[in-house]
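Here's the letter readout for the chains.
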Amino acid sequence: MNKKLLIVFVKNIKLGKVKTRLAKSIGDEGAFQVYKHLVDITEKATNQVSTEKHIYFSDVIIEEKWQKTSKFIQKGANLGEKMKNSFKNGQKNKFDKIVLIGSDLPEISPEIIQKGFDELENHEIVFGPAEDGGYYLVGMTKPHYCVFENKPWSTTNLLEITINELKEKNISYSLLETLNDIDTIEDLRRDKINDRFNF
């Protein structure tokens with residue numbers, strides 16, 4: 001059996017509640033518009049991936065987004081717990097290749113997501129490194145929940161620390177291309193998405 005699942009984490013698009021670090025530079029309305037655009041990019045890319053999908057919203061399920069797709073609310077005290085619980089739910093439902101992405105990636109594409117699944121043919125875990133030292137994609141074939149436990153979320157050495165632990169435990173992993181996720185005004189200015197907003 002080779003059941004694949006794509007998990008997408010989405011923050012509910014609320015004024016003053018999304019991209020708070022970015023909002024410090026461009027204001028709540030600017031951050032709202034940028035994140036709304038990023039979610040649209042994510043939805044378009046993931047809709048072109050022919051696997052089952054679970055969409056996890058931060059607070060409230062929005063039926064208009066990702067229509068005819070299974071939707072859930074993220075559960076957990078921090079990002080690690082929320083991701084771990086979404087993987088547990090997927091593995092409970094007998095998916096054996098699970099890939100999770102966020103929704104703040106201007107360059108996300110169906111090809112990158114598919115590459116994540118492809119890498120799981122030969123590795124137990126795959127990461128898509130982000131330029132800020134974290135990761136925009138994580139996938140796994142086995143319940144290696146250590147990836148999500150006791151980690152320094154939102155720091156520049158998150159991926160490095162995670163990989164060092166995998167090496168110590170002899171868990172095979174693979175890395176995709178590095179992408180820029182949008183968290184700050186510097187991220188926005190480095191990316192072509194800024195052409196649309198000109199901040």
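J.: Hey, could you go over the overall build of the protein chain for me, with residue numbers and the actual values?
T.: Along the backbone of the protein chain there are six helices and seven strands. Counted from the first residue to the last, the protein chain has its helices and strands arranged as β-α-β-β-α-β-α-β-β-α-β-α-α. The C-alpha atoms of the protein chain give a radius of gyration of 16 Å, which matches the 16 Å a tight globule of 199 residues would have. Counting only residues that meet the buried cut, the protein chain has 55% of its 199 residues in that class. Across the protein chain, every contact between residues at least 6 apart in sequence was considered, and the portion connecting residues at least 24 apart equals 64%. Counting only carbon and sulfur atoms, one obtains 45% of the accessible surface of the protein chain, whose full area is about 9900 Å².

J.: Which residues make up the nonpolar core, and what values go with them?
T.: Counting residues in hydrophobic clusters, the biggest one holds 33 residues, and the most contacted among them are Leu-6, Val-10, Ile-101, Ile-108, Tyr-136 and Leu-188. Of all elements in the fold, only strand S1 (4-10), helix H1 (20-47), strand S2 (52-57), strand S4 (97-101), helix H3 (110-119), strand S6 (135-140) and helix H5 (185-190) reach the threshold of two or more residues within this core. In terms of residue count, the dominant contributor to this core is H1 (eight residues). Ignoring sequence-local partners within four residues, the contact set of Ile-101 consists of Leu-6, Ile-7, Val-8, Phe-9, Thr-42, Thr-46, Ile-108, Ile-113, Tyr-136 and Leu-137. Formed by 24 residues, the second largest nonpolar core is a distinct cluster that contains Ile-125, Phe-127, Phe-148 and Ile-163.

J.: Explain the environment of Trp-153 to me, using residue names and the numbers behind them.
T.: Relative to the helices and strands, Trp-153 resides in the loop between S6 and helix H4 (158-168). For the pair Trp-153 and Lys-84, spaced 69 residues apart in sequence, the C-alpha separation works out to 14 Å. Excluding residues within four positions of it along the chain, Trp-153 makes contact with Asn-78, Leu-79, Gly-80, Met-83, Tyr-135, Val-147, Phe-148 and Leu-158.

J.: Before we move on, can you summarise the side chain of Ser-103 with the specific residues and values?
T.: Residue position: Ser-103 is located in the loop between S4 and H3. Taking the relative accessible area as the measure of exposure, Ser-103 reaches 3% and is therefore buried. A polar side-chain atom of Ser-103 sits 2.9 Å from the main-chain carbonyl oxygen of Phe-9. A polar atom in the side chain of Ser-103 sits 2.5 Å from the side chain of Tyr-35. With sequence-adjacent residues up to four places away left out, Ser-103 is seen in contact with Phe-9, Val-10, Lys-11, Tyr-35, Leu-38, Val-39 and Thr-42.

About the cut-offs
- Residues numbered from 1 in each chain as written.
- Predicted model: local features only at pLDDT ≥ 70, side-chain atom pairs only at ≥ 80, totals over all residues.
- Heavy atoms only, no water.
- Helix = DSSP H or I, 4+ residues; strand = E, 2+ residues; numbered from the N terminus.
- Rg over C-alpha atoms; globule rule 2.2 N^0.38 Å.
- Buried < 20%, exposed > 50% of the residue type's maximum accessible area, 1.4 Å probe, protein only.
- Contact = heavy atoms within 4.5 Å.
- Areas by Shrake-Rupley, 256 points an atom, 1.4 Å probe, with all protein chains shown as cover.
- Core = buried A, V, L, I, M, F, W, Y, C linked by side-chain atoms within 4.5 Å.
- Polar contact = N/O pair within 3.5 Å; in protein donor to acceptor, adjacent residues only side chain to side chain.

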